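Now for the letters of each chain:
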Amino acid sequence: MANELVFDSKLHSEKNLAWWLYLGHAASLLFSLGAFSWIPLIINYVKRQDAADSFVYSHHNWQIRSFWWYLLWVVVGVALCMTVIGIPVAFVVWGVAWLWKAYRLIRGLVDLNDNKAMPA
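Residues numbered from 1 in each chain as written. Predicted model: local features only at pLDDT ≥ 70, side-chain atom pairs only at ≥ 80, totals over all residues. Heavy atoms only, no water.

As recorded by an unreviewed UniProt entry, the protein carries the name Putative transmembrane protein and is attributed to Collimonas fungivorans. The Subcellular location (unreviewed entry) field of the UniProt record for the protein holds the comment "Membrane". (UniProt positions renumbered as here; feature names shortened; annotations may be inferred.)

Okay, structure coming up:
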């Protein structure tokens, strides 16, 4: 049985957008510590429904969840900075949160490239 390559332009377009959104989140993480991730986040929310019947939908959810969890840990770090004793702990929290988000972006890009859905 011969394998057929089926080109779906809609899926390709959705996958391409998700790829660019990963890059937007990554650029924000590198150049502003995530302060500008709200820009690709809004696009994730707006375009997520367009990808509802494909594996790309899970990538939008993955990026959205990554943003909100990262924001939570940044806020925890800010709360820890309210005391002098908590400042070193805050830097550890921020560092771990940054590495975690970088991991999620890299894993998402790799799985998107392999046409895999992200875990729920």
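Moving on from the coordinates now.
(A) Molecular detail of unusual backbone geometry. One non-glycine residue, Leu-33, adopts positive backbone phi at about 55°. Within the secondary structure, Leu-33 sits in the loop between helix H1 (9–32) and helix H2 (38–47). Located in the positive-phi region is Asn-115, a residue other than glycine, with phi close to 60°. Tracing the sequence through the fold places Asn-115 in the segment after helix H4 (86–113). (Helix = DSSP H or I, 4+ residues; strand = E, 2+ residues; numbered from the N terminus.)

(B) A look at a nonpolar patch on the surface. Taken together, the side chains of Phe-36, Trp-38, Ile-39, Ile-42, Ile-43 and Val-46 make up a nonpolar region of the molecular surface, amounting to roughly 570 Å² of accessible area. Structurally, Ile-43 is set in helix H2. (Patch = residues over 30% accessible without salt bridge, like charges linked within 9 Å, V, L, I, M, F, W, Y side chains within 5 Å. Areas by Shrake-Rupley, 256 points an atom, 1.4 Å probe, with all protein chains shown as cover. Salt bridge = Lys/Arg side-chain N within 4 Å of Asp/Glu carboxyl O.)

(C) Examining the UniProt feature "transmembrane region" (unreviewed entry) in the protein more closely. Taken from the UniProt record, the annotation "transmembrane region" (unreviewed entry) applies to residues 20–46 and 67–100. End C-alpha atoms of residues 20–46 are separated by 14 Å, and the span's content is 81% helix alongside 0% strand. Helix and strand shares over residues 67–100 are 85% and 0% respectively, and the end C-alpha atoms of the span are 11 Å apart.

(D) Expanded view of the packing of H1 against helix H3 (residues 56–80). Where H1 meets H3, the axes come as close as 9 Å, and the angle between the chain directions of the two elements is 15°. Between H1 and H3, the angle is such that the two are roughly parallel. The interaxial crossing formed by H1 with H3 has left-handed handedness. Contact residues: Leu-11, Glu-14, Lys-15, Ala-18, Leu-21, Tyr-22, His-25 and Leu-29 in H1; Val-56, His-59, His-60, Trp-62, Gln-63 and Tyr-70 in H3. Its residues assigned to classes, the contact of H1 with H3 shows eight nonpolar, four polar and two charged. (Axes fitted to C-alpha atoms, helices over the stretch in contact; angles between N-to-C directions. Parallel < 35°, antiparallel > 145°, perpendicular 65-115°, else oblique. Left-handed = near helix turned anticlockwise from the far one by under 90°. Contact = heavy atoms within 4.5 Å. Nonpolar A, V, L, I, M, F, W, Y, C, P; charged D, E, K, R; others polar.)

(E) The arrangement of the nonpolar core in detail. In this structure, Tyr-22, Leu-29, Val-56 and Leu-112 are the most contacted members of the largest nonpolar core, which totals 13 residues. For this core, the elements supplying multiple residues, two or more each, are H1, H3 and H4. When residues of this core are assigned to their parent elements, the largest contribution, four residues, is made by H4. Discounting chain neighbours no more than four positions away, the residues touching Tyr-22 are His-59, Trp-62, Gln-63, Arg-104, Leu-105, Gly-108, Leu-109, Leu-112 and Met-118. (Core = buried A, V, L, I, M, F, W, Y, C linked by side-chain atoms within 4.5 Å. Buried < 20%, exposed > 50% of the residue type's maximum accessible area, 1.4 Å probe, protein only.)

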